[in-house]
Amino acid sequence: MSDQGFSTKAIHAGWDPDGRTGAVNVPIYASSTFAQDGVGGMRDGFEYSRTGNPTRRVLEANLASIEEGTYGRAFASGMAATDALLRATMRPGDHIVFPNDAYGGTFRLIDKVFTQWGLTYSAAPVVDVDAIREAITPQTKLVWIESPTNPLLNVGDIAAIAEVAHAAGAKLVVDNTFASPYLQQPLTHGADVVVHSTTKYLGGHSDVVGGAVITNDEQLDADIAFLQNGAGAVPGPFDAYLTLRGIKTLAVRMERHCDNAEALVEFFSSHPKVEKVLYPGLEDHPGHAAAAKQMRRFGGMISVQLAGGREAALDFCARTKIFTLAESLGGIESLIEHPGAMTHASTAGSLLEVPDNLVRLSVGIEDAADLLEDVRQALA
């Protein structure tokens, strides 16, 4: 970990211009296998691209650097990263605590897959440290939070939750996808592990799917690396290259995302058809104090609840022209979705079910005036 600024590390960490050609960008090493100098004589540790690829190695070093971590592992998707981390840390009979408004895919993996393996779980609000403490049992091995959460944008105090988890002998995992490493670095606040869907803000252009796990724990990294190779859910070299390309502009993109989001929040906050605005930058947001303490700015994600219920929410989603109705988030283009029917459909009927009048917006980097006009006409 160097003392360089974020943008410098985002652009340079993990790669120096190629010594032979002078190439400024890391090459796409589109090779499945690597010649060896005699049996066992691997060149720079490379033998087979599932085990390790030069482009992926640069991405992993870069991810570790921008998260102020020591070890980074890249995966084929955020869910592949989540799966590997759970398998590396949990055993039958173990218990996990996660948010009561967690991402639907995380909930589905734990509830539908890992419970068959003997894992048990409890859900608690990330804004309530005492509730998290009460949810922990003697079998708890992980406390897993999203901050901000998806899609209700609740913010947990990472340092306080880390203290509670560690007192119980558990590790704290922070899904940092919504914030991105530019806005928040959980390892510096006491978290043990950071996970990302690199598909989102890190890739930033809606053209690559990926995931990552970053930690300072050498043994945990070794366990994750074993699964990364053994199970094989790795990104290809072109995916790694695209993600690196996106990271280089992360800082400037996040500033624009935040600028645009703040303009929209101001508009929504005074609109009669908007029942509630969920955004950590609002002073009356329950996680505002924690967000102000641990985040650089408050992010590009907004959720709103419409006064007219489900039908009003669906109508709003259908009427936007610049905001594209689509799942995912964190790209340069603005997206809108109805979580209850889309990304969080798997939580229906559970403790994690989201309000049916909720709309989630991923605010892009278009001109703010155009985005404001788009939501204005969609609500008219």
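Residues numbered from 1 in each chain as written. Predicted model: local features only at pLDDT ≥ 70, side-chain atom pairs only at ≥ 80, totals over all residues. Heavy atoms only, no water.

If you look the protein chain up in an unreviewed UniProt entry, it shows as Cystathionine gamma-synthase from Gordonia phthalatica. Taken from UniProt, the Catalytic activity (unreviewed entry) comment for the protein chain reads in full: "O-succinyl-L-homoserine + L-cysteine = L,L-cystathionine + succinate + H(+)". (UniProt positions renumbered as here; feature names shortened; annotations may be inferred.)

Caption draft 1: Expanded view of the domain arrangement of the protein chain. The domains assigned to the protein chain are domain 1 (6–245) and domain 2 (252–379). With centres defined by C-alpha atoms, the gap from domain 1 to domain 2 works out at 25 Å. With 37 residues of domain 1 at the interface, the matching set in domain 2 holds 42 residues. A per-residue breakdown of the area domain 1 buries against domain 2 is headed by Tyr 182, Leu 183 and Tyr 201, which together make up 24% of the total. For the pair domain 1 and domain 2, the interface holds 1 salt bridge. Here Lys 293 ties to Asp 157 by a salt bridge, and the two come within 2.6 Å at their closest N and O atoms. Where domain 1 meets domain 2, there are 16 residue pairs in polar contact (both at pLDDT 80 or more). Only strand S2 (95–99), helix H4 (104–113) and helix H7 (180–183) provide two or more residues apiece to the side of domain 1 that touches domain 2. A class-by-class count of the residues in the side of domain 1 that touches domain 2 yields 19 nonpolar, 14 polar and 4 charged. (Domains from an automatic or database assignment. Contact = heavy atoms within 4.5 Å. Buried area = accessible area lost by both parts, 1.4 Å probe. Salt bridge = Lys/Arg side-chain N within 4 Å of Asp/Glu carboxyl O. Polar contact = N/O pair within 3.5 Å; in protein donor to acceptor, adjacent residues only side chain to side chain. Helix = DSSP H or I, 4+ residues; strand = E, 2+ residues; numbered from the N terminus. Nonpolar A, V, L, I, M, F, W, Y, C, P; charged D, E, K, R; others polar.)

Caption draft 2: Quick peek at the nonpolar core. Of all hydrophobic cores here, the largest spans 58 residues; its most connected members are Phe 268, Val 277, Ile 302, Val 304, Phe 316, Val 359 and Leu 361. With 8 residues, the single largest contributor to this core is helix H10 (residues 250–269). In this structure, Phe 268 is in contact with Val 274, Val 277, Ile 302, Val 304, Phe 316, Leu 361, Val 375 and Leu 379, ignoring residues within four places of it in sequence. (Core = buried A, V, L, I, M, F, W, Y, C linked by side-chain atoms within 4.5 Å. Buried < 20%, exposed > 50% of the residue type's maximum accessible area, 1.4 Å probe, protein only.)

Caption draft 3: Summary view of helix H13 (residues 368–379). Taking 1.5 Å of rise per residue, 12 residues should cover 16 Å, and H13 covers 17 Å from first to last C-alpha, within 8% of that figure. Of the positions making up H13, those classed as buried are Leu 371, Asp 374, Val 375, Gln 377, Ala 378 and Leu 379. At its buried positions, H13 is contacted by H10, strand S8 (274–278), strand S9 (301–306), helix H12 (309–319) and strand S12 (358–362). (Expected span 1.5 Å × (residues − 1).)

Caption draft 4: Looking closely at the packing of helix H3 (residues 78–89) against helix H8 (residues 218–231). The interhelical angle for the contact between H3 and H8, taken along N-to-C directions, is 125°, at an axis separation of 9 Å. When the interaxial angle is binned, H3 and H8 end up oblique. By crossing handedness, the relation of H3 to H8 is classed as right-handed. Residues Ala 84, Leu 85, Arg 87, Ala 88 and Thr 89 of H3 form the contact with H8, whose participating residues are Leu 220, Asp 223, Ile 224, Leu 227 and Ala 231. (Axes fitted to C-alpha atoms, helices over the stretch in contact; angles between N-to-C directions. Parallel < 35°, antiparallel > 145°, perpendicular 65-115°, else oblique. Left-handed = near helix turned anticlockwise from the far one by under 90°.)

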